[in-house]
Amino acid sequence: MFSSRGGGGWGCLPAPPPNPPRPEATAPAAATGPATTAGTDDAGRAPGAGVRAGAGDTVGAARRRTEAFPGDPAAWSGLARAAIEQARTTLDAGPLDTADRALRRSLALDGDANYAAVTGQGMLANARHEFAAAREHGVRGTRMAPDRPDAYAVLADAEIQLGHYPQARAAVQRLLDIAPASAAYSRAAYDLETHGRPGDAAIALRRAVDSAATPDERAFAEARLGDLLGSGGDPDAAERHYRRALDAAPAHPYAQAGIARVAAARGRTEEARARYAELVARTPLPQFLLEAVELRRASGDPGRGGEGAALAAQVRLARADGGPVDPHLALYAADHGDPGVAVELMRREWAHTRSVIVADALGWALHRAGRDAEALPYAVRAAGTGWRNVMFRYHRGVIEQELGRPEAARHLREAAALNPYYSPPAPHRADRNG
């Protein structure tokens, strides 16, 4: 069976909407194949493979508007939003620099009542994984215009990533009240799933599909439905939604990863490996690379391959730059590298991001470093919202087993029951039957 470990996989899901990777996430792509281009051409288009039609056109149109109206702050904030959306839909962080420059220009022209630029700053901060700053911009935006939706979307995303779940739910509810559209329903679905209500989350995601205004909104909601159903152990239903996502946006990377995951769950290992190889060559996110590494290990290949080399390079960059850390990098270091490095990275992340995803990753890193007594409180914290997350349950059970806790067997059985297609990394499997 296949281990699907990371955000967007059948173990742990991302908060919507997905943010582009930090720049180091694409830097080592040469280790696995052709790199996704991090820069933009003169029209603002990212020429890397996998860019969906329309993203560059929107940025180009916004850029032309700034050339026609260079003194209009709204034109510059419009360029920033187009660039952020391009980064989001292509998973290429390069356009974020364009967005940053455009927002600075917009605020220089109007620094007093520029709601679009303030919320744009929040979107940019979320995209760069600077969630505390994003929260500040979101709060400021809600005070500037309490009946406009964008600031509540910024605030909801930031609060989720910071682990402020009641505040995130309040922001999502306000967003639903003001603008009950696809973006609001997608965020509501994540809140519901995180709090142990997958059935209600599926209803919200179906509403997100029905209310989608763009192909990318539809693709995102369909892919999330695939993730939700896959995490419940239904690969057939998951595949239907992944394919619908690809019908809406043929290069959608999370849907492509989902199809690879389905192939692995059905025992079509070579097909799955080929799909991952194609995906990580274009979009070398830590999540996709880690899933590819663990599929390689599960299929009996002891080597780390190009995917492992790319992850190792990203771990080195994360240690060096001192910025936010993708938890998938820590999971890779914990299981396939140096657990002490994983602890270092996740302690740094925990200092400012208290989400259940970070709690789980820190707890697992401590376990792999042989520090189970320290690990357990983080595993318990990860379970605090009631999320029916197979990976969280398994990690907690293993840690409790090492500590001789009687509840370990129950949590390991629960993990097996949540999703029979979940398989931990081969060297670290526990007896889940108790």
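In this text the structure is predicted, and so the values were computed from the model without any measurement. (Residues numbered from 1 in each chain as written. Predicted model: local features only at pLDDT ≥ 70, side-chain atom pairs only at ≥ 80, totals over all residues. Heavy atoms only, no water.)

K.L.:
Could you give an account of the overall build of the chain, naming the residues involved and the relevant values?
P.N.:
The secondary structure content of the chain amounts to 21 helices and 0 strands. Looking at the chain as a whole, 59% of its 434 residues qualify as buried. Restricting to contacts in the chain with at least 6 residues of sequence separation, those with at least 24 account for 62%. For the chain, the accessible surface area stands at approximately 16200 Å², while carbon and sulfur atoms represent 50% of it. (Helix = DSSP H or I, 4+ residues; strand = E, 2+ residues; numbered from the N terminus. Buried < 20%, exposed > 50% of the residue type's maximum accessible area, 1.4 Å probe, protein only. Contact = heavy atoms within 4.5 Å. Areas by Shrake-Rupley, 256 points an atom, 1.4 Å probe, with all protein chains shown as cover.)

K.L.:
For the confidence of the model for the chain, give the residues involved together with the corresponding values.
P.N.:
Do not read the predicted coordinates in detail wherever pLDDT is low. Confidence along the chain averages 87 in pLDDT terms, with 85% of residues attaining 70 or more. Across residues 12–18, where pLDDT falls below 50, the model places 34 contacts with residues more than four positions away in sequence or in other chains. Predicted confidence is poor over residues 429–434, with pLDDT under 50, and the contacts of this stretch with residues over four places away or in other chains come to 20 contacts. (pLDDT = per-residue confidence, 0-100.)

K.L.:
Tell me about the packing of helix α4 (residues 115–127) against helix α5 (residues 131–144), residues and numbers included.
P.N.:
Between α4 and α5, the least distance of the axes is 8 Å, while the angle of their chain directions is 155°. The angle between α4 and α5 falls in the class roughly antiparallel. Like other packed secondary-structure pairs, α4 and α5 cross with a definite hand, here left-handed. For the pair α4 and α5, the contacting residues are Tyr115, Val118, Gln121, Gly122, Ala125 and Asn126 in the first and Phe131, Ala133, Ala134, His137, Arg140, Gly141 and Met144 in the second. Grouping the constituent residues of the contact of α4 with α5 by class yields 7 nonpolar, 5 polar and 1 charged. (Axes fitted to C-alpha atoms, helices over the stretch in contact; angles between N-to-C directions. Parallel < 35°, antiparallel > 145°, perpendicular 65-115°, else oblique. Left-handed = near helix turned anticlockwise from the far one by under 90°. Nonpolar A, V, L, I, M, F, W, Y, C, P; charged D, E, K, R; others polar.)

K.L.:
So what about the packing of aromatic side chains? Which residues, and what values?
P.N.:
For the coordinates displayed, the defined rule picks out 6 aromatic pairs. Where Tyr254 meets Phe288, the ring centres are 5.4 Å apart and the plane angle is 65°; that geometry is what we call edge-to-face. With Tyr254 in helix α12 (residues 253–265) and Phe288 in helix α14 (residues 286–298), the pair connects residues that are 34 residues apart, well separated along the chain. Taking the relative accessible area as the measure of exposure, Tyr254 reaches 11% and is therefore buried. Overall, Phe288 belongs to the buried group, its relative accessible area being 0%. Taken together through their ring pairs, the aromatic side chains of Tyr190, Trp387 and Phe392 make up a single cluster. (Phe/Tyr/Trp six-rings, centres within 6.5 Å; stacked < 30°, edge-to-face > 60°.)

K.L.:
Can you tell me about the side chain of Glu222, naming the residues and giving the values?
P.N.:
Tracing the backbone shows Glu222 in helix α10 (residues 215–231). In this structure, Glu222 is buried with no salt-bridge partner, the nearest side chain bearing the opposite charge being Arg244 at 4.5 Å. Apart from the residues within four sequence positions on either side, Glu222 is in contact with Val209, His241, Arg244 and Ala245. (Lys, Arg positive; Asp, Glu negative; His and termini not counted. Salt bridge = Lys/Arg side-chain N within 4 Å of Asp/Glu carboxyl O.)

K.L.:
Please give an account of unusual backbone geometry that cites residues and values.
P.N.:
Phi at Leu91 takes a positive value of approximately 55°, unusual for a residue other than glycine. Tracing the backbone through its elements, the reader meets Leu91 in the loop between α2 (73–90) and α3 (95–109).

K.L.:
Just give me the short version of the nonpolar core, but keep the residues and values in it.
P.N.:
Within soluble globular proteins, side chains that are nonpolar generally end up buried alongside one another. Residues Phe288, Leu311, Tyr332, Met346, Phe392 and Tyr394 are the most contacted members of the largest nonpolar core, which totals 74 residues. Ranked by residues supplied to this core, first place goes to helix α18 (residues 356–368) with 9 residues. Dropping the residues within four chain positions of it, Phe288 is found in contact with Leu91, Pro253, Tyr254, Ala257, Tyr276, Leu279, Val280 and Thr283. (Core = buried A, V, L, I, M, F, W, Y, C linked by side-chain atoms within 4.5 Å.)

K.L.:
Outline the pattern of salt bridges, listing residues and values.
P.N.:
Tallied over the entire structure, the rule returns 32 salt bridges. A salt bridge links Asp147 to Arg174; the nearest nitrogen and oxygen atoms lie 2.6 Å apart. Linking Asp147 in the loop between α5 and α6 (150–162) with Arg174 in helix α7 (residues 165–178), this pair joins segments that are 27 residues apart in sequence. Across the salt bridge formed by Glu278 and Arg282, the nearest N and O atoms sit 3.3 Å from each other. Of this pair, Glu278 and Arg282 both sit in helix α13 (residues 269–282), 4 residues apart, which is roughly one turn of the helix. One connected set of salt bridges, linked through shared partners, spans Asp97, Asp100, Arg104 and Arg128.

K.L.:
Now, about the environment of Arg273: what can you tell me, with residues and values included?
P.N.:
Mapping Arg273 onto the fold places it in helix α13. Residues Arg273 and Ala260 lie 13 residues apart in sequence; the distance between their C-alpha atoms is 7.4 Å. If we skip the residues at most four places from it in the chain, Arg273 touches Leu295, Arg296, Ser299 and Asp301.

K.L.:
Explain the packing of helix α19 (residues 372–382) against helix α20 (residues 390–402) residue by residue, including any values.
P.N.:
Look at α19 against α20: their axes get within 9 Å of each other, and the N-to-C directions meet at 150°. When the axes of α19 and α20 are compared, the pair comes out roughly antiparallel. The interaxial crossing formed by α19 with α20 has left-handed handedness. Between α19 and α20, the contacting residues are Asp372, Ala375, Leu376, Ala379, Val380 and Ala382 on the first element and Phe392, Arg396, Ile399, Glu400 and Glu402 on the second. Broken down by class, the residue content of the contact of α19 with α20 amounts to 7 nonpolar, no polar and 4 charged.

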